[in-house]
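Residue-level structure breakdown
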Amino acid sequence: MPETLTGQTTSPVTAPALPAGPLAWQRTSVIGTELVVAREQCAQGTAVVTGAVPFSLGWHAELDEGTRVRELSVSCRGDGWSRSLQMHHTGGEWVIRGDESEPAPPEIDPEAVPRLTDSPIFVSWAIRRLGLHAEPGPVSVPSVRVLVPSLELVAGTATYHMVSPNRLRITGEGPAATYEIDNTGLVSYQPGNLRLAR
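Chains are numbered independently. Their residues run from 1 in the order of the written sequence. This being a predicted model, a pLDDT of at least 70 is required before a residue's local features are given, and a value of 80 or more before pairs of side-chain atoms are given or counted; all residues contribute to the totals for chains, interfaces and linings. Side-chain measures here rest on the full set of heavy atoms in the structure, leaving out hydrogens and waters.

**Considerations on the overall build of the chain**
The condition is simple: Under the scheme used here, helices are H or I runs from DSSP no shorter than 4 residues and strands are E runs no shorter than 2 residues, and both carry numbers assigned from the N terminus. Both definitions apply: the radius of gyration is a C-alpha atom measure, and the globule rule equals 2.2 Å times residues to the power 0.38. Note on exposure labels: buried denotes an accessible area under 20% of the residue type's maximum, exposed denotes more than 50%, and partly exposed covers the range between, all computed with a 1.4 Å probe on protein chains only. In this analysis, two residues are considered to be in contact whenever any of their non-hydrogen atoms come within 4.5 Å of each other. Under the counting rule used here, the positive set is Lys and Arg, the negative set is Asp and Glu, and His together with the chain ends is not counted. The location of each charge is read from NZ of Lys, CZ of Arg, CG of Asp or CD of Glu.
When helices and strands are tallied, the chain shows one helix and 15 strands. For the chain, the C-alpha radius of gyration of 16 Å lies close to 16 Å, the compact-globule estimate for 198 residues. Principal axes of the C-alpha set define a box for the chain whose edges measure 50 × 40 × 30 Å. Residues classed as buried in the chain amount to 42% of the 198 residues present. Nonlocal contacts in the chain, meaning residues at least 24 apart in sequence, comprise 42% of its contacts between residues at least 6 apart. The averaged location of the 21 negative side-chain charges in the chain is 6 Å from the averaged location of its 15 positive side-chain charges.

Dropping the structure here:
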C-alpha cells in the first residue's frame, strides 16, 4: 500500500541541489522544446509546441527552500487565442485566478503538489520535496495538474513510486507516466514524449 503524505514534507537535507541555469527538454512525440532557467527559489520556462493545436507557453514559478511551489503563473497562446492562469499559496490554501470565461477551479488540497503537464522540472521538484528514493515504496500525495494548452486544473491524488534509483512512475489523477531520472535528480527522459537536451 502506498504511504500517504499528510502535510509533512521529507525533503532530504543531503540531496544535491538541482542544476541551475538554462535547461532544455526536446519533445519527441511532436516538434517542440522547452527552455527553463532555474535558480534556487524561482524558475521560468518557455515552450513552443507543434501538433494538432500549436501553441507557445510561458511560465514563472516561485519556490520555498523545500522546493515546494508557492506561486505559479502560466500563459498560453495559439492561433487567435490566449489563456492565463495564476496560482498562489497563502500558507493555508491555494488562490486561483484565471480568465473570466474559464469555469470555476476545482477544490484544491492546501498540500497539493502542482505539476505543469509536460514540464519535467515540476516532476524533479516533486521528487526533492517528497524526499523520494527507491526504498520506502510508493508515496501518495494530493496533487493539482495544469493541463496544456487549456490550462484546466485537475485536482486529485497522485502516487509517486521510485521503482529504481533512476526510474519514477506517477499514477493517479492522470495517465500513468514513467520517467528516467539522472543522478542530479532531473528528468532526463520520458518514453515517447521528451528528453533532456545535453
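**Structural notes on the packing of aromatic side chains**
Applied cut-off: The rule is short: rings of Phe, Tyr and Trp, with Trp giving its six-membered ring, pair when the centres are within 6.5 Å, and they are stacked under 30 degrees, edge-to-face over 60, tilted in between.
Applying the stated criterion across every chain yields a total of three aromatic pairs. Between F122 and W125, the aromatic rings sit 4.9 Å apart at their centres with planes inclined by 70 degrees, giving edge-to-face as the arrangement. Placement of both F122 and W125 in helix α1 (residues 121-130) is noted, with a separation of three residues, approximately one turn of the helix. Given a relative accessible area of 1%, F122 falls into the buried group.

**Brief notes about the pattern of salt bridges**
Two side chains that carry opposite charge are able to pair once their charged atoms sit near each other. The condition that has to hold: The term salt bridge refers to a side-chain nitrogen of Lys or Arg lying within 4 Å of a carboxyl oxygen of Asp or Glu.
Scanning the entire structure with this criterion turns up eight salt bridges. In this structure, R70 engages D64 in a salt bridge whose closest nitrogen and oxygen atoms are separated by 4.0 Å. A single salt-bridge network, built from bridges that share partners, covers D64, R68, R70, E111 and R129.

**Structural notes on α1**
With ten of its ten residues buried, α1 lies for the most part within the structure. Within α1, burial applies to I121, F122, V123, S124, W125, A126, I127, R128, R129 and L130. Of the residues trailing α1, G131 is marked for its positive phi of about 60 degrees.

**Observations concerning the pairing of strand β2 (residues 21-27)**
Formally: Only strands joined by at least two bridges in the DSSP assignment are considered to pair.
Where β2 and strand β3 (residues 32-38) come together, six bridges link them in antiparallel fashion. Each bridged residue has a counterpart across the sheet, and for P22 the counterpart in β3 is V37. The turn joining β2 and β3, which pair antiparallel and follow one another in sequence, is formed by four residues. Pairing between β2 and strand β15 (residues 194-197): four bridges, direction antiparallel. From the neighbouring strand, R27 faces β15, where its bridge partner is L194.

**Side note on the side chain of R68**
Selection rule: Under the rule applied, a polar contact is a pair of N or O atoms within 3.5 Å (in protein, one hydrogen donor and one hydrogen acceptor; residues adjacent in sequence only if both atoms are side-chain atoms).
Summarising the element assignment, R68 is placed in the loop between β5 (55-63) and β6 (69-78). A residue is classified by how much of its surface remains accessible, and R68, at 14% relative accessible area, is buried. A polar atom in the side chain of R68 sits 2.9 Å from the side chain of E111.

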